[in-house]
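This is what each chain is made of:
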Number of protein chains: 2
Amino acid sequence: MSKSLPADSVGLVTPQSIHFTEPLPLASGRMLDSYTLMYESYGELNASKSNAVLICHALSGHHHAAGYHSPDDRKPGWWDSYIGPGKPIDTNKFFVVALNNIGGCHGSTGPSSINPATGKPWGPDFPKLRVRDWVSSQAALADKLGIDVWAAVIGGSLGGMQAMRWALEYPDRVRHCVVIASAMKLTAQNIAFNETARQAIIADPNFLGGRYLEHNTLPRDGLSVARMIGHITYLSDYAMGKKFGRDLRSGSFELGIDEPIEFQIESYLRYQGDTFANTFDANSYLLITKALDYFDLAREYNDDPVAAFSQAKAKFLVISFSTDWRFSPERSREIVNALMGANKAVSYADIESNFGHDAFLLPNARYQQVFSRYLAGIDTE
Amino acid sequence: MSKSLPADSVGLVTPQSIHFTEPLPLASGRMLDSYTLMYESYGELNASKSNAVLICHALSGHHHAAGYHSPDDRKPGWWDSYIGPGKPIDTNKFFVVALNNIGGCHGSTGPSSINPATGKPWGPDFPKLRVRDWVSSQAALADKLGIDVWAAVIGGSLGGMQAMRWALEYPDRVRHCVVIASAMKLTAQNIAFNETARQAIIADPNFLGGRYLEHNTLPRDGLSVARMIGHITYLSDYAMGKKFGRDLRSGSFELGIDEPIEFQIESYLRYQGDTFANTFDANSYLLITKALDYFDLAREYNDDPVAAFSQAKAKFLVISFSTDWRFSPERSREIVNALMGANKAVSYADIESNFGHDAFLLPNARYQQVFSRYLAGIDTE
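Figured I'd write up the structure that's included with this text. Numbers given for residues are sequential positions, taken from 1 along each chain in its written order. Chains and ligands are labelled sequentially in the order written, the chains with letters from A and the ligands with numbers from 1. In keeping with the predicted nature of the model, local features appear solely for residues at pLDDT of at least 70, side-chain atom pairs appear and are counted solely at 80 or more, and the whole-chain, interface and lining totals rest on all residues. To obtain the side-chain values, all non-hydrogen atoms of the structure were included, while hydrogens and water were left out.

Below, the discussion takes up the interface of chain B and chain A. We call two residues in contact when some of their heavy atoms are within 4.5 Å. Contacts between the two partners involve 56 residues from chain B, matched on the other side by 56 residues from chain A. Buried area: the accessible surface (1.4 Å probe) lost by two parts on joining, summed over both. The largest contributions to the chain B side of the interface with chain A come from B:Gln189, B:Arg246 and B:Asp258, which together make up 13% of the buried area. Close ionic contact of B:Arg270 with A:Glu195 constitutes a salt bridge, the shortest N to O distance being 2.3 Å. We define a polar contact as two N or O atoms separated by no more than 3.5 Å, with the added condition that, inside protein, one atom must be a possible hydrogen donor and the other a possible acceptor, whereas residues neighbouring each other in sequence contribute only through side-chain atom pairs. Counting the contacts that link chain B with chain A gives 18 residue pairs in polar contact (both at pLDDT 80 or more). When residues of the side of chain B that touches chain A are traced back to their parent elements, those giving at least two are helix H3 (188-203), helix H4 (220-234), helix H5 (237-243), helix H6 (264-279) and helix H7 (282-294) of chain B. Three classes are used, and their members are as follows: Ala, Val, Leu, Ile, Met, Phe, Trp, Tyr, Cys and Pro are nonpolar, Asp, Glu, Lys and Arg are charged, and the others, Gly among them, are polar. For the side of chain B that touches chain A, the residue count by class is 26 nonpolar, 11 polar and 19 charged. Throughout this description, the term salt bridge denotes a Lys or Arg side-chain nitrogen within 4 Å of a carboxyl oxygen of Asp or Glu. The numbering of helices and of strands both runs from the N terminus, where a helix is a DSSP run of H or I of at least 4 residues and a strand a run of E of at least 2.

And the structure:
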């Protein structure tokens, strides 16, 4: 283990991949004949296999949730603040599994993978996915790993939707369900932001109907604008104001000066957009945001969330953040109310935070405390 | 007058244009050697010229604020709900002047006008503008119309910024200043939305560095995405939910169906974007949003809004809307607090509305009442 890694880190980790040759039936009626899942695990599976926890990722997440791939990595996995020895998802206690979902672009089968039928990248021909398809593929992964029952399925944002769907689709395979900064369905405003981001991608001339990889190009400008839109909505007005205010990066407000002014917030956003555009696949972005828009927990239960949650056997922890305006605390309270209506055990905390939707990824003492206490109470004997 | 126009309409109106050959010195230090302003007027200027009201428009506004250009017009001017006989800005009492600002694209000199020096459209070479430049050009218009003192200068959003700047730059020429859904400066989040919209335009391959007109093209896709971003932020989450919810325009949520789903909100937004892209100039959009970002009422007053407003001699009416998250009621209260600190007469109303920033354009009984009462109290003898 490296000299320089923090003591409460899971340390160096190596991603694993599993290839599945059993076809995966999809909600659309189509079939994914074979597929690969990239995953990482932290901690040790106990003899009774009763300490396994599944981490479901959000829009831009992946399997690298904690630790480091190399001692030289500048940053650990995306949820390293919450996964590790002594951390809320305590790897001294739990065997933690994090995967990259199908349809993604970090090693699992997705639009940028080769379509065996054509020998070319799937691109826009990759099957449309719904949240339940991710859950099915995660269940197939659990089977391979010999995990019959998850001690907990945990997710933030889109990950929370997967966790809830797990609790309804596989009630006997989930003992605890942790739903963070999520919702039973998106609002019209949320769909509107997603659609605007998609239009920015589709309008990029390098998008080429989604066949950019075949033409050795990428719709970077469109993806960058899409990420900028998303990024604004993940932060709170306060957090942006606190971090950047109206500070200038270049130029001057002085009268009599005819040069362009650039605010710090502008260059920051463009940097975020450009970085994302070089690392994320545009077709994955379209596919994942569509699944997010489609998700509606109670649709097939007569639009009755109480009826939906009546299927569940898990206990629930629901967490929201006070300044999250993309998945507001009201959405979490709707989940809590439906769970109570269905007579399910549910703990709920609305965490004070200035950091909007992004808060679910960031260190926060109260959030860590609530999260730790709940998971510490899970029986893994 | 047409058979079919409503009785409380100003009726058929004809836009006027005035050409100015007196150069306009700009805040940047540059000079606009000559320019044209398009304007409309409603009501009659009284003998003492004491009943003139100036309407300052917002980002996408123009000179056609009330009435109809033809009996066949489907829609009246953009603020027709508030300008007309018996309406809050009562044309039985006031002589109302509405103009298209320089830099705009509805007939006044702007980036799509011909640059006399080159014989080609100004395009990206049009001088950068600040809010004070609009105020200077509006003062030149007042001079031409023989109006020494406005009974009121009125504006919503960016128009409110112009009204406030009027009160500081020409304290003896403004008796009343009406500032609706506005702010003394934008927040970082607001700048972020504007910058994302600008990036969408600039990334459009038909933008061509702003010289699209010379190449007989338009950056329609970029402008459409820009408008979509703006449009979401002008509406409230509630208003979008109420109007569209998660209703589908096409496709089905049913499982086992592999066809694309389209939400109503998506097609609505794309329609808004496309319509705008065919009627608004991209360079004007960039220029106007930059002026919006730069605006900071108190910058040259040592960042002290009380010191800034100490210059003013006008009385003020400030109005905000409860669900406006782009120019929130908090921004209006900052204006009110600064005015009170400077011992100015100020009336303030926060109007309950579900319609976000757009509320300033829409009929609302309480808003109409407050607005009417205030303007009815203005002395025009």
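Residue and element names in this part refer to chain A. Classification of residues uses two cut-offs on accessible area relative to the type maximum, computed with a 1.4 Å probe and protein chains only: under 20% is buried, over 50% is exposed, and between them is partly exposed. Most of strand E4 (residues 35-42) sits out of view: 7 of its 8 residues are buried. Whether two strands pair depends on DSSP finding at least two bridges between them. For strand E1 (residues 16-20) and E4, the ladder comprises 5 bridges, and the chain directions are antiparallel. Note that in E4 the partner of Gln 16 across the bridge is Tyr 39. Judged from the 4 bridges that link them, E4 and strand E8 (residues 95-99) form a sheet pairing that is antiparallel. Paired with Ser 41 across the bridge in E8 is Val 97.

Let us look at the relation of the copies chain B and chain A. The operation relating the two chain copies consists of a rotation about an axis and a shift along that axis. The two copies are related by a screw operation: chain B maps onto chain A through 180 degrees of rotation and 0.0 Å of translation along the axis, at an RMSD of 0.0 Å. Expressed as an axis order, the relation between the two copies is that of a two-fold axis. An overlap of 100% is found between the interface residues of chain B and their copies at the interface of chain A, pointing to a shared contact surface. The copies were overlaid by least squares, fitting only the C-alpha atoms of residues that reach a pLDDT of 70 or more in each copy.

Here we come to the sheet that holds strand E15 (residues 315-321) of chain A. All names here are of chain A. As summarised here, the arrangement of the 8 strands in space is E1-E4-E8-E5-E11-E12-E15-E16, forming an open sheet in which the pairing is mixed. Since the sheet does not close on itself, it has two edges, and those belong to E1 and strand E16 (346-351), each with one partner. Between one strand axis and the next, the sheet turns through 20 degrees on average, direction left out of account. Relative to E8, strand E5 (residues 52-56) is paired through 4 bridges, and the arrangement is parallel. Among the inter-strand pairings, Leu 54 is bridged to a residue of E8, identified as Val 97. Axes, fitted as lines to C-alpha atoms, cover a helix only where it is in contact. Angles between the N-to-C directions of the axes lie from 0 to 180 degrees. Contacts from helix H2 (residues 158-169) reach E5, strand E11 (152-156), strand E12 (176-180) and E15 within the one sheet, and its direction differs from that of E11 by about 150 degrees. Against the sheet, helix H10 (residues 365-376) contacts E11, E12, E15 and E16, and its axis sits at roughly 175 degrees relative to E15.

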